[in-house]
Each structure stands twice: as C-alpha cells, then as structure tokens.
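Summary of the model geometry
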Amino acid sequence: MSQQMSYLPIEVIFEILLRLPVKSIIKFKTVSKSWLSLLSSPQFVNTHLIFSRNNHKNIPPKLLLSTPNQNLSKKIYTLFPALSKTFVRVDLNYLVKSPCCLTRFIGSCDGLICLSVENSLILWNPSTRKWKKLPKEPVFMNQDYCCTYGFGYDEFNDDYKLVLVYSSKIKNIGNNEFKVYSLKTNSWKRIKAFVNGYVYSNSGVLLNGIIHWDSRPHCDFNVDNSKIVYFDLVNEKQGKLDLPSYDENEYVHWDLMSSKESLFGFCHCECQGAVDIWIMKEYGVKESWNKFASVPYYVVPGIFYSPLFMNEDGEVLLRDGERLVLFNIRKNIYKDLQIHILDNTRRRIDMVTYNESLVSPVF
C-alpha cells in the first residue's frame, strides 16, 4: 500500500488520511518515517480536528462510563456511538494503581478528557491512550466550602485550560476564588475574583470558549435567585448571567448543557412535578430565554438529572440514577437504553461524552 500511495501527490495523501478514524491513523504511523512525521505534525492534528468538527453528523460522539464497583473500578466502558448499545472495554491500568480507586470526570474538549483519579488530576486522550498528570494545586476545604472545575480550549492563545472554582455556601462570606491551570505553561495561577455565590455544579459547561456553572447567592434555597457564573478562557474574566425567573416561593434546581452553539437550562420544578427545558437564543440576554419543552416527572420515571448531550432530532441523553435514558423532547417519550450497572456502594456511575481526536495532552 505504501508503494501505491507513494505515487500520489502529498496533498492527495493528506486529504485521504484526513478522513480516516483515529484508530486507523495511529496504525498508519508505522508505515514509514515520512508518514509518522506527517501524521504527528501539528498541521495534520489540527486539520483532522477541524475536519471532525465539521463532519460531526457522520462522526458521532463517544460516551465513557465508569463505576465505583471494586471489580470494575479499573475499567471504563465506551459506547459506540453514544446512542447504540455496543460496548468496548478500555483498560485504565496505566492511569490507576489502587483496585478501588475513585474516578470522576471533570469535562472533555477536543477529544481530551480531564478526570480526577485518586485525588490526582489527569488529562487523557482515550483515543490515543496518551495522558498527563497535572501538578497539584493545594485547596483548603471544609464542609462550608465547595470546589468545582471546568475544562476547555482557549482558541486565541492555543491553550487548554482547567479552571478551579472555590466558593462558600455561607451568605456574605466573600467572592469566589478562581485558579487556572494552563497546559501551555504547565502551571497554575490565581485569578482575582469579583463574583460571589455558591457554585454547586459538579463541573462547568463549555460553550464557545466560556465555562458556565449554576449558582446561588448562598445556601438559602427557599427563594429562586439562581444565576449562571461564567469564566471566559481567553481574557480570563468572570461574570454572571441571568436565568429565567420563577415564583420566589417555588423551589427549583438547575442543570446546564450546551449543544449546537446554544446554552440550555434544565429547570427542575418540584411544585409543578416537571422539568422545564429552556434555550438561550441570544447569548447573555435574559429575555431571549425560551421554554420549548416541559417534561412531567411521570413521563420519565424518577427525577432525571445531568443531561449529557442533545442530537439534531431533539433527543436528549439523560442520566437517571444508575441508568441511561434517551428522551425525545418533540414526542414527549423516553426510551430506557437498558444500560444498568449494579452498584453495591450506592454511588452514581460517572459519565462523559467526547469526540475522537489526535490532540495530545502533552503540550
């Protein structure tokens, strides 16, 4: 094959290889030194990433699932594609040492997954199996404080950044603290913060280089005063966005999700017994929030949470306890994907979606 390809112009070879999946590209690196150099070049890696983004319809995202079960703690199951039922086991022995370690997904961007393993932060590309352990950033913690993360790409500076948000649950105790890790410099720095409020998201939602968390001014949950705290990865500025208003006496809880260049809000209204799904049509404008679906709890048994992603057919992949549910917003019907992982420790399984790429976690 190498001899046949050698008769083709390098530009044609480049375009052919560009359309191959990551697994095939990794194999073709062994064809010759020239192919290894080509397929490892920043130009090819970046072009392949852009090509995959533009052809996302033909390249569905993958879904990683981990479980805290002792006998499964070293494995993560991969769903190809995210809405099918075909599992492939991925060995994590090279990332973990303990047979009962705890794995938590922080976020994913451009094929890189940021995760916490045994209290260590790791940047990992599951497609290429390359990984990097990040330097630790000491954080003072007690029951009155919350620590959450966000992960994304700074396009202007060509840098991947991890953001740590350290906030208080107590009213009027002060502003949040932001600490930012740069893959380019392999170091942390503190960002002076001016926004306050209790940030209670498990991890931030990335949209157009900005990470978003849902928050409240303090731990008094008797009124609806939810906000979105955001952090811009390019200029490293923070701020707040308004969420749709509800009755001040009504208890609500928000989950955020991004899809198709839009920000979505999933509002759990216990009084109404439903989840309202909102979309922000014009970024940053409160009046542009539009409610386009309201899902009664009886439609999807249990109070579902943690929306993972939404496809163009209006189907939302939701996590409901220890199972996955595919909900069709337009038809108001759900489908149990029959993905159940027994968990004797009564802890939730953890999940994250990602797209295959050649991006290296080692800058």
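Before reading on, note that the structure itself is shown above.
This write-up is about the structure you can find in this document.

Analysis parameters
- Residues numbered from 1 in each chain as written.
- Predicted model: local features only at pLDDT ≥ 70, side-chain atom pairs only at ≥ 80, totals over all residues.
- Heavy atoms only, no water.
- Pairing = 2+ DSSP bridges.
- Helix = DSSP H or I, 4+ residues; strand = E, 2+ residues; numbered from the N terminus.
- Axes fitted to C-alpha atoms, helices over the stretch in contact; angles between N-to-C directions.
- Buried < 20%, exposed > 50% of the residue type's maximum accessible area, 1.4 Å probe, protein only.
- Arc of directions from axis to C-beta.
- Polar contact = N/O pair within 3.5 Å; in protein donor to acceptor, adjacent residues only side chain to side chain.
- Contact = heavy atoms within 4.5 Å.

Read from one edge to the other, the open sheet built from 4 strands follows the order β8-β9-β10-β11, with strand pairing classed as antiparallel. The open sheet has two free edges, formed respectively by β8 (145–154) and β11 (187–191), since each of these has just one partner strand. In this sheet, adjacent strand axes meet at a mean angle of 20° when their direction is disregarded.

Now for the pairing of strand β5 (residues 112–117). Consecutive side chains along a regular strand alternate between the two faces of the sheet. Burial of β5 is extensive: 6 of the 6 residues sit out of reach of the surface. Across 6 bridges, the pairing between strand β4 (residues 103–109) and β5 is antiparallel. Bridge pairing in β5 places C109 opposite L112. Pairing between β5 and strand β6 (residues 120–125): 5 bridges, direction antiparallel. Each residue of the ladder has a partner; that of I113, found in β6, is W124. Count of turn residues in the β5/β6 antiparallel hairpin: 2 residues, of which E118 carries a positive phi of about 50°.

Among all positions of helix α2 (residues 10–18), only I13, F14, L17 and L18 are buried. Angularly, the buried residues of α2 cover 135° about the axis, an arc narrow enough to put them on a single face.

In spatial order, the strands read β17-β18-β19-β20; together these 4 strands make up an open sheet with antiparallel pairing. The two strands at the open ends of the sheet, each matched to only one other strand, are β17 (252–259) and β20 (289–296). Between one strand and the next, the sheet's axes are offset by a mean angle of 20°, whatever the strand orientation. Pairing of β17 with strand β18 (residues 262–269), which is carried by 8 bridges, proceeds in the antiparallel orientation. Looking at the pairing, S258 lines up with L263 of β18.

On to the side chain of E236, then. Tracing the backbone through its elements, the reader meets E236 in the loop between β15 (227–232) and β16 (238–242). At 2.9 Å, the side chain of E236 forms a polar contact with the side chain of K161. Looking at E236, its side chain comes within polar contact range of the side chain of K189, at 2.8 Å. The residues touching E236, leaving out its near neighbours within four places in the chain, are K161, V180, K189, I191 and F231.

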